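This is what each chain is made of:
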Amino acid sequence: MSVIRHFIAGHETALAERTGPVFNPATGAQQHEVAFASVDEVEQAIAAAEAALPGWRATGLIKRADVFFRLRQLLAERKSELAAIVTSEHGKVLSDAAGEVSRGIENVEFAAGLVHLLKGEHSEQVARGVDVHSLKQPVGVVGAITPFNFPVMVPLWMVASAIACGNTVVLKPSEKDPSAAVFIAKLFQEAGLPDGVLNVVHGDKVAVDTILDSPTVRAISFVGSTPIAKSIYERASQNGKRVQALGGAKNHMVVMPDADLDGAADAAVSAAYGSAGERCMAVSVLVAVGDEVADQIVAKVAERMSKLTIGDGTDDASEMGPLITREHRDRVASYVTGAAAEGATVVVDGTAAEFEGGGFFVGTSLLDHVEPGMKVYEDEIFGPVLAVVRVANYDEAVALINANRFANGVAVFTRDGGTARQFEFDIEVGMVGVNVPIPVPVGAYSFGGWKDSLFGDSHIYGPESIHFYTRSKVVTSRWPQPSESQINLGFPSNH
Ligand code: NAD
């Protein structure tokens, strides 16, 4: 069985003393082993990044930008190949995997504008003969730790901007679907990125902790579940690093009585069950305003669910693939089986669906009369399960959402502009959709939630990433004639 290896200083390498299995979730069969890095191997990757730093930060901005223009082209040309890798290890359907690559390309396009993005400011004549200008300089070696659910897009969220800013990177992708990260690193190399600027190490907590504890690593970008995000944030900040740690989610979609209910039902089904609900921006709670809306939308969603095709992601007919592992599938199913005992109404029980072969499939589920306090409401299930919470009015909908500990994405479905505008104003969530169920911002804006969905001050990709991956320096300068110099022990004043 082939071993997926690290990519350090431009070469694939691995001792492979410890390994983990990589499955094909559609068949349940193990297809690869992935090397789990030792402390020594991670330190080699960090040393490679450190060695590449002086050369890369000194590389001219136009030459740096060239790498991103070439990478964009390569990613577009190899999109279907990359999508096939994602489908084989993650399980999402091919069209969804291709969509993920396209969204990742947006981050590369943003990074290609680095000449503009890295501009500083200049103030002439702040005092007689004195000018001030600011510089944006790289932070140094960046550690990037990514989750299983977007093995192409989330690494690109981080590495595109980090490298554009002149940093070098050690990326630790998810051990569940690790091949895409190595594929991307090789494309970067083909696009002209010098060896050592982007290194990939595979593995588990050993690899992550080595990155978090290394004094050479200056900043950490993490995306994953909330408990791990919190612990990463705490450990890395205790070690004096800059950290952004994006966590889990429970995304609500409010359906107002004036909404187009057919459109809202289409959106709910797409956003709840796309990628088998394994998206941090998946809609997992539908908030129906009024019983009449609730009864109608539950019926419309259930009817649409019955027509979904679930199967191997490589089959063009499949709209939804399997979950990532057997354990995760069983965990998702346990929420559905426990829902009735909690007081919810199980409208569609996806655990009853039968699938041939050993794939990690589960059917889609719909739960009605869900309430705060129930596990199916409080926990991030991360599977194809949609919970409907009934509220009496707009104020109750807002109060429900604002009381939730997660605050990644939210959506409101309405035809009333005033309601939509008030919702934007009232809601305590980082990303808001108005008649858009999955409001992942375009690459020119930054992505991030609030509360337990993000630890740190900085959102990811887009303009905030330039701030996160650079240190600013302010230079005050004066070019006096030799005769003008004089001793002055007073505090320098511009007046
Ligand atoms: P995870 O937290 O289990 O793993 C994320 C990364 O952390 C992986 O690389 C993993 O190897 C590593 N890791 C796991 N346990 C660790 C430990 N104890 N110590 C150190 N490192 C550890 O997350 P996942 O299951 O891969 O991904 C799904 C989660 O990611 C969901 O909660 C989802 O909401 C979240 N997510 C959030 C966003 C966002 O933007 N907020 C985006 C995508 C996914």
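Remember, predicted model here, so these are calculated numbers, not experimental data. (Residues numbered from 1 in each chain as written. Predicted model: local features only at pLDDT ≥ 70, side-chain atom pairs only at ≥ 80, totals over all residues. Heavy atoms only, no water.)

1. Overview of unusual backbone geometry
Consideration 1: Positioned with a positive phi, Ala9 is a non-glycine residue whose angle comes to about 50 degrees.
Consideration 2: With respect to the helices and strands, the residue Ala9 is situated in the loop between β2 (6-8) and β3 (11-13).
Consideration 3: Residue classification places Ala9 among the partly exposed residues on the basis of a relative accessible area of 31%.
Consideration 4: The phi dihedral of Phe382 falls on the positive side, at around 60 degrees, and the residue is not glycine.
Consideration 5: Within the secondary structure layout, Phe382 lies in the loop between α13 (375-378) and β17 (385-391).
Consideration 6: Here Phe382 falls in the buried class, since its relative accessible area comes to 15%. (Helix = DSSP H or I, 4+ residues; strand = E, 2+ residues; numbered from the N terminus. Buried < 20%, exposed > 50% of the residue type's maximum accessible area, 1.4 Å probe, protein only.)

2. Some remarks on the pairing of strand β16 (residues 365-368)
Consideration 1: With burial as the criterion, each face of β16 is covered, one bearing Ser365 and Leu367 and the other bearing Leu366 and Asp368.
Consideration 2: When strand β15 (residues 345-348) meets β16, the two strands line up antiparallel, connected through three bridges. Residue pairing for β16: Val348 is matched across the bridge by Leu366.
Consideration 3: Two elements, β16 and β17, share three bridges in a ladder whose sense is parallel. Each residue of the ladder has a partner; that of Leu366, found in β17, is Leu386. (Pairing = 2+ DSSP bridges.)

3. Considerations on the packing of aromatic side chains
Consideration 1: Scanning the entire structure with this criterion turns up nine aromatic pairs.
Consideration 2: Between the aromatic rings of Trp157 and Tyr461, the centroid separation amounts to 5.4 Å while the plane-to-plane angle is 55 degrees, which identifies the pairing as tilted. One end of the pair, Trp157, is in helix α6 (residues 153-164); the other, Tyr461, is in the loop between β22 (454-456) and α16 (462-468), and 304 residues separate them in sequence. An identical accessibility class is assigned to Trp157 and Tyr461; each is buried. (Phe/Tyr/Trp six-rings, centres within 6.5 Å; stacked < 30°, edge-to-face > 60°.)

4. Brief notes about the site of the ligand
Consideration 1: The ligand sits among 26 residues. The nearest are Thr146, Lys172, Glu175, Ser225 and Glu380.
Consideration 2: Here an oxygen atom of the ligand and a backbone polar atom of Thr146 are 2.8 Å apart.
Consideration 3: At 2.7 Å, a side-chain N or O of Ser225 approaches an oxygen atom of the ligand.
Consideration 4: Starting from 840 Å² of accessible surface for the ligand in isolation, the protein chains cover 88%.
Consideration 5: Counting only elements with at least two residues in the shell around the ligand, the list comes to α8 (205-213) and β11 (217-223).
Consideration 6: Taken together, the residues that form the shell around the ligand break down as 14 nonpolar, eight polar and four charged.
Consideration 7: Looking at which domains feed residues into the shell around the ligand, each of domain 1 (3-247 + 453-475) and domain 2 (251-434) gives three or more. (Near = heavy atom within 4 Å. Polar contact = N/O pair within 3.5 Å; in protein donor to acceptor, adjacent residues only side chain to side chain. Areas by Shrake-Rupley, 256 points an atom, 1.4 Å probe, with all protein chains shown as cover. Nonpolar A, V, L, I, M, F, W, Y, C, P; charged D, E, K, R; others polar. Domains from an automatic or database assignment.)

5. Topic: helix α12 (residues 326-342)
Since the α-helix turns once every 3.6 residues, residues separated by three or four places project in the same direction.
Consideration 1: The end-to-end C-alpha separation of α12 is 24 Å, in line with the 24 Å expected for 17 residues at 1.5 Å each.
Consideration 2: Buried within α12 are the following residues: His328, Arg329, Val332, Ala333, Tyr335, Val336 and Ala339.
Consideration 3: Each element contacted by the buried residues of α12 is listed here: β15, β16, α13 and β17.
Consideration 4: Immediately beyond the C-terminal end of α12, within one or two residues, lies Gly343, with a positive phi of roughly 110 degrees. (Expected span 1.5 Å × (residues − 1). Contact = heavy atoms within 4.5 Å.)

6. A look at the pattern of salt bridges
Consideration 1: Under the counting rule described, the total for this entry stands at 23 salt bridges.
Consideration 2: Two residues, Lys205 and Asp209, come together in a salt bridge whose shortest N-O distance is 3.0 Å. Remark: Asp209 and Lys205 occur in helix α8; sequence separation between them is four residues, near one turn of the helix.
Consideration 3: Take Lys205: its relative accessible area is 55%, and that puts it in the exposed class.
Consideration 4: With a relative accessible area of 15%, Asp209 lands in the buried category.
Consideration 5: For Arg304, the salt bridge identified is with Asp266, shortest N-O distance 2.5 Å. Placement of the pair is Arg304 in helix α11 (residues 291-305) and Asp266 in helix α10 (residues 261-273), with a sequence separation of 38 residues.
Consideration 6: A network of salt bridges, in which partner residues are shared, links Lys205, Asp209, Asp213 and Arg235. (Salt bridge = Lys/Arg side-chain N within 4 Å of Asp/Glu carboxyl O.)

7. Remarks on the domain arrangement of the chain
Consideration 1: For the chain, the domain assignment lists domain 1 (3-247 + 453-475) and domain 2 (251-434).
Consideration 2: A separation of 31 Å is found between the C-alpha centroids of domain 1 and domain 2.
Consideration 3: Across the contact, 20 residues belong to domain 1 and 25 residues belong to domain 2.
Consideration 4: Interface area for domain 1 against domain 2, summed over the two sides, is near 1,900 Å², with a carbon-plus-sulfur share of 62%.
Consideration 5: Of all residues in domain 1, Ala26, Val93 and Ser453 give up the largest surface area on contact with domain 2, accounting jointly for 25% of the area buried on that side.
Consideration 6: Inspection of the region where domain 1 meets domain 2 yields seven residue pairs in polar contact (both at pLDDT 80 or more).
Consideration 7: Those elements giving two or more residues to the side of domain 1 that touches domain 2 turn out to be α3 (79-90) and α4 (94-112). (Buried area = accessible area lost by both parts, 1.4 Å probe.)

8. Re the sheet that holds strand β6 (residues 122-127)
Consideration 1: A sheet is described by the order of its strands in space; here three strands give the open sequence β6-β7-β23, paired in antiparallel fashion. Every other strand in the sheet has two partners, leaving β6 and β23 (470-478) as the edge strands with one partner each. When strand polarity is set aside, the average angle formed by the axes of neighbouring strands in this sheet is 30 degrees.
Consideration 2: Bridge count between β6 and strand β7 (residues 130-138): three bridges; the pairing is antiparallel. Within the sheet, the bridge partner assigned to His122 lies in β7 and is His133. (Axes fitted to C-alpha atoms, helices over the stretch in contact; angles between N-to-C directions.)

9. A few points about the environment of Lys307
Consideration 1: Tracing the chain through its elements places Lys307 in the loop between α11 and α12.
Consideration 2: Taking the relative accessible area as the measure of exposure, Lys307 reaches 57% and is therefore exposed.
Consideration 3: Along the backbone, Lys307 and Gln30 are 277 residues apart, and their C-alpha atoms lie at a distance of 30 Å.

10. Considerations on the side chain of Ser275
Consideration 1: With respect to the helices and strands, Ser275 occurs in the loop between α10 and β14 (283-289).
Consideration 2: Judged by its relative accessible area of 6%, Ser275 falls in the buried class.
Consideration 3: With residues up to four places along the chain from it excluded, the contact list for Ser275 reads His90, Lys92 and Asp96.

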